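Here are the chains, one letter per residue:
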Amino acid sequence: MPVKSNTSISQSLGNLTSWKKEPSGLSGKTDQENFRIVFYNDSIARISITRHELFDDFSYSVIAAAPLSDYPVTESEHELVIETGTLILKVQKNPVRFSFLNLNHQIINEDDSAFGTSWSGDQVTTYKKLQEGERFIGLGEKTGPLDRRGAGYINWNTDNFAYIKDADPLYSSTPFYIGIHHNLAYGIFFDNTYKSFFNFGASNNRFSSFAADAGDMNYYFIYGETAGEIIQHYTHLTGRTPVPPLWSIGYQQCRYSYYPDKEVLSVARTFREKEIPADVIVFDIHYMDKYKIFTWNQRDFPNPKALLEELKQMGFHLVVMCDPGIKVEEGYKTYDDGVKENVFITYPDGTKYTGQVWPGWCHFPDFTNPKTRQWWKEQFQDYVNIGVDGFWNDMNEIATWGNMLPENIEMDFEGNKSSIRRGRNIYGFQMARSTYEGTKALLKGKRPFNLTRSAFSGIQRYAAVWTGDNVAYDEHMMLGVRMVNSMGLTGMAFAGYDVGGFVGDANKQLFARWVSLGALSPFFRGHSMINSRDSEPWSYGEEIEQISRNYIRFRYQLMPYIYSLFYEASQSGIPVQRSLAIDYTHDPKIYDGQFQHQYLFGPSLLVCPVESFKEFVKVYLPFGDWYYLYNGKQYGGNTEVIIECPMHKLPVFVKGGAIIPMQVAKSNTSEKTDVLILHVYAGKDLTSFVQYEDDGTSFNYENGEFLKRTIEHKSAERKLVLNACEGNFNSSFKTLKIVFHGLEYAPQTVNVNGQAIGLRPDVNRFFAGLEKYDPIHDPEPAPEEPVHIAETSYLTQEIIVTW
């Protein structure tokens, strides 16, 4: 029989014994623990709790520093109270528990009174009282619904091939969520890289909780009125997506794998011959010599430099797969150099860890060691020398055959050695960081494109993220939309999925629907697996080819709008693909399972995903005025509408007041046009949009080489103002064409800076290609929306248009 013990299995944070004021907060002691509160601004409070003498302040995720601020502390018999300009934090003394309130003294979030923060062995957990009607959103790349109430999740980065619809864990961990109740909202970021667990009222009706297998309890409480405001605070802490190279947001074509070089060129030429825009060809592992990174298969790619030059002449960039496994093989330069420089992960006895993956038995670089990151940079020199500027970090969970990393292997952690238990969730993040920082240095002013499968909070600073090995069926397509929506809620502005599905064979209806969705997502890549059917846009017959061409061309028409959205993300952290929870946080309808997939692509385009086999779908139009994209039909907000959705027509609506800069579609992003087409939709409120341009390839924008102008639409005043441009970049646009939608009264002229310009009535043919999948062989005219067009010079100074 087991020996009886009077010791409690779980130990919670005890009674306050002392406290003192600290810069930007306070610190205190309990019977057996230390705690500290630090404010990063009026809305962000960091709570650190440890059983050790010193706090562990190390973080790969957080880059913000706490400013020196003097927040007053009021003490009473039972509590300490700190008040900022937006938030009240109460610290109960006996036992120590934390409560967060707004300035109206409404409870935003509070510890469970009995459990608070507790330890069970090394595992540390914070328990929060469930509020009535509380919803939970976020956690990034997770399956499940938008509202995660009643569910639990694990953060333990895992290679999960062909994952099922409710699989957990997956490839990435972003331990940040947003809680919503009683028209209040808050965020919690749990900055601990050990295996962690989130419970949002799963199997209980008392508490939500977050826990880690080891390490300190270290979380950031963030208060905001909306999810969008909270995301801005979160990305203030963890960083924001830098403006990507323009070509990387064009269409990318991938397959596992394209080889030999003649097939690669054939695919590239076919895009150009069929006039389907594209910017990128992606190489999976078969370009390597026996899957060894930093090598080329000399039989299939005898002259990669000449191949890249030919692709470049056709307007294509190349992205190459980068796996972390370095084959144990004497004479293989990368292996020999890695052994010499001692850059690999080891066991506690100093022996190098060896795991089996594509090349065979491999060692793995320790990217938490600065020496390794420098070594990794040097390995990319040969790629950069021949013109490669796109890099795809894969298999970096770490993925090995057997999928069971020994937990005693060790990592450097910047000279503070720790085990893989702490390092597994951060490994892919650090690999992506090393690739980005290394190639950025080697490219000497050019922006690299960097993609990763595995990630942790803060990854947006270094890489785009895609959802891994998805499967070619409708449920997975819809799951991918929800996951990218959720990734946006956790700061990942550059995210996407494999269009058409990586595993299995899509049918033609599914591929057509997936392409239309991918065209209105941040990262747009078609990809398919070895031994599956061809999955290029022309591989499903002429009808699907035309639908694909239409939607890919539509994306390229939207490129001024999309590129401006990436600039916005770099400044505010607001993602390109926006769950409706960002702008309509407190609208209960958006959490309904019928409508949870819907999202805004930027501020103006409401995308309503729907399965490929459906001909009609019910959509929800939230507050505002809405125009159906294809024919301009107007709808009021806060309404449910049944919409036709044949495979050539993805339901999309435009928000009233929208300002959407567009252009004529080109075959790739390096081709320029001198006409900016500004679509302006009538609305009731003042709206604005920041249009952004730079050279699309360099970091010169950091030194003022950009063009930015705020465009304001004052519907009530019948006025459109293009404010004077900021920055030193010379725009490629010379002519401005303004397309007015929804004008109740259409004058014959508009005034442009006081000069009368003719307003030409017309019909909107701009989206005609989306309305009819085959306008050549199916010439029945599409419904045409009456619009009014004005044309003038595109000036850098202020332009005022009135009507």
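Presented here is an overview of the structure given in this document. Since we're looking at a predicted model, the values are computed, not measured. (Residues numbered from 1 in each chain as written. Predicted model: local features only at pLDDT ≥ 70, side-chain atom pairs only at ≥ 80, totals over all residues. Heavy atoms only, no water.)

1. Brief notes about the overall build of the chain
Next up, step 1: When helices and strands are tallied, the chain shows 13 helices and 53 strands.
Next up, step 2: In summary, the chain has a C-alpha radius of gyration of 27 Å against a globular reference of 28 Å for 803 residues, a match within 12%.
Next up, step 3: Dimensions of the chain, computed from the C-alpha atoms along their principal axes, are close to 85 × 70 × 50 Å.
Next up, step 4: Partitioning the intrachain contacts of the chain with sequence separation of at least 6 by distance along the chain shows that 69% fall at a separation of at least 24.
Next up, step 5: Total accessible area computed for the chain in this model is approximately 29200 Å², and 48% of it derives from carbon and sulfur atoms. (Helix = DSSP H or I, 4+ residues; strand = E, 2+ residues; numbered from the N terminus. Rg over C-alpha atoms; globule rule 2.2 N^0.38 Å. Contact = heavy atoms within 4.5 Å. Areas by Shrake-Rupley, 256 points an atom, 1.4 Å probe, with all protein chains shown as cover.)

2. Observations regarding the layout of surface pockets
Next up, step 1: Considered as a void within the structure, the largest pocket measures approximately 650 Å³ in volume.
Next up, step 2: Lining the largest pocket are 25 residues, and of these Pro603, Lys655, Gly656, Thr687 and Ser688 sit closest to its centre.
Next up, step 3: Elements represented by at least two residues in the lining of the largest pocket include exactly α11 (559-572) and β45 (686-693).
Next up, step 4: Here the lining of the largest pocket is composed, by residue class, of 9 nonpolar, 9 polar and 7 charged.
Next up, step 5: Space inside the second largest pocket adds up to approximately 530 Å³.
Next up, step 6: Considering the residues around the second largest pocket, the lining is formed by 27 residues, among which Lys312, Phe316, His317, Asp389 and Lys446 are closest to the centre.
Next up, step 7: Broken down by secondary-structure element, the contributors of at least two residues to the lining of the second largest pocket are α3 (304-313) and β23 (317-322).
Next up, step 8: Sorting elements by how many residues they give to the lining of the second largest pocket places α3 first, with 4 residues.
Next up, step 9: When its residues are assigned to classes, the lining of the second largest pocket shows 10 nonpolar, 8 polar and 9 charged. (1 Å grid on protein atoms, 1.4 Å probe; cavity = no way out; pocket = protein on both sides within 12 Å on 5 of 7 lines; lining within 4 Å. Points joined across faces, edges and corners; volume = space filled by probe spheres on them. Nonpolar A, V, L, I, M, F, W, Y, C, P; charged D, E, K, R; others polar.)

3. With respect to the nonpolar core
Next up, step 1: Counting 211 residues, the largest nonpolar core has Phe283, Tyr383, Phe653 and Phe740 as the members making the most contacts within it.
Next up, step 2: Considering each element in turn, this core owes the most residues, 8 residues, to helix α7 (residues 420-442).
Next up, step 3: With residues up to four places along the chain from it excluded, the contact list for Phe283 reads Val264, Trp296, Phe301, Leu307, Leu318, Val319, Val320, Met321 and Trp392. (Core = buried A, V, L, I, M, F, W, Y, C linked by side-chain atoms within 4.5 Å. Buried < 20%, exposed > 50% of the residue type's maximum accessible area, 1.4 Å probe, protein only.)

4. Observations concerning the environment of Leu101
Next up, step 1: In this structure, Leu101 sits in strand β9 (residues 97-101).
Next up, step 2: Assessed through its relative accessible area of 6%, Leu101 is described here as buried.
Next up, step 3: Sequence-wise, Leu101 and Ile88 are 13 residues apart; in three dimensions their C-alpha atoms are separated by 5.0 Å.

5. Description of the packing of aromatic side chains
Where two aromatic rings form a pair, the distance of their centres and the angle of their planes describe that pair.
Next up, step 1: Under the criterion given, the structure shown has 76 aromatic pairs.
Next up, step 2: Centre to centre, the rings of Tyr153 and Phe200 are 6.4 Å apart; their planes meet at 55°, and the pair counts as tilted. Taken as a pair, Tyr153 in strand β14 (residues 152-155) and Phe200 in the loop between β18 (196-199) and β19 (207-212) lie far apart in primary sequence, 47 residues in all. For the pair shown, Tyr153 and Phe200 are each scored as buried.
Next up, step 3: Here the aromatic rings of Tyr256 and Phe502 are separated by 6.3 Å at their centres, their planes lie at 20°, and the arrangement is stacked. Of this pair, Tyr256 sits in the loop between β21 (252-255) and α2 (261-273) while Phe502 sits in the loop between β33 (495-499) and α9 (508-518), and the two are 246 residues apart along the sequence.
Next up, step 4: A relative accessible area of 7% means that Phe502 is categorised as buried.
Next up, step 5: Against the face of Phe699 rests Lys440, its NZ or CZ located 4.6 Å from the ring centre.
Next up, step 6: Against the face of Trp392 rests Arg525, its NZ or CZ located 4.4 Å from the ring centre. (Phe/Tyr/Trp six-rings, centres within 6.5 Å; stacked < 30°, edge-to-face > 60°. Lys NZ or Arg CZ within 6 Å of the ring centre and 35° of its normal.)

6. Digging into the packing of α2 against α3
Next up, step 1: Axis separation between α2 and α3 bottoms out at 11 Å; the angle between their running directions is 5°. Taken together, the axes of α2 and α3 lie roughly parallel to each other. Residues Asp261, Val264, Leu265, Ala268 and Arg269 of α2 pack against Leu307, Glu310 and Leu311 of α3.
Next up, step 2: Grouping the amino acids of the contact of α2 with α3 by side-chain chemistry returns 5 nonpolar, no polar and 3 charged. (Axes fitted to C-alpha atoms, helices over the stretch in contact; angles between N-to-C directions. Parallel < 35°, antiparallel > 145°, perpendicular 65-115°, else oblique.)

7. Focus: the pairing of strand β43 (residues 659-662)
Next up, step 1: Burial along β43 is two-sided: the face carrying Ile659 and Pro661 and the face carrying Ile660 and Met662 are both buried.
Next up, step 2: By the bridge criterion, 4 bridges tie β43 to strand β44 (residues 675-681) in an arrangement that is antiparallel. Within β44, the residue paired with Ile660 across the bridge is His679. (Pairing = 2+ DSSP bridges.)

8. Some points on unusual backbone geometry
Next up, step 1: Residue Pro95 is reached from Asn94 by a cis peptide bond, and omega for that bond is -5°.
Next up, step 2: Locating Pro95 in the fold gives a position in the loop between β8 (88-92) and β9.
Next up, step 3: Residue Ser257 is bonded to the preceding Tyr256 through a cis peptide linkage, with omega at 0°.
Next up, step 4: Considering the arrangement of structural elements, one finds Ser257 in the loop between β21 and α2.
Next up, step 5: In the Ramachandran plot, Arg718 falls in the positive-phi region, its phi being about 50° despite a non-glycine side chain.
Next up, step 6: Position of Arg718 relative to the elements: it lies in the loop between β46 (707-714) and β47 (719-722).

9. Some words on helix α10 (residues 542-557)
Next up, step 1: Given a rise of 1.5 Å per residue, 16 residues ought to cover 22 Å, and the 22 Å separating the end C-alpha atoms of α10 matches this to within 8%.
Next up, step 2: Here α10 lies mainly inside the structure; 13 of its 16 residues are buried. (Expected span 1.5 Å × (residues − 1).)

10. Quick word on the sheet that holds strand β5 (residues 44-50)
Next up, step 1: The antiparallel open sheet is built from 8 strands, whose spatial order is β2-β3-β4-β5-β20-β17-β16-β13. Two strands lie at the open edges of the sheet, namely β2 (16-22) and β13 (135-138), each paired on one side alone. Between one strand axis and the next, the sheet turns by 20° as a mean value, whatever way the strands run.
Next up, step 2: As paired strands, strand β3 (residues 25-30) and strand β4 (residues 34-41) are joined by 5 bridges and run antiparallel to one another. Note on β4: the bridge partner recorded for Ser27 is Arg36.
Next up, step 3: Lying on the sheet, helix α1 (residues 227-238) is in contact with β4, β5, β13, β16 (176-181), β17 (184-190) and β20 (217-224); it crosses β20 at an angle near 140°.

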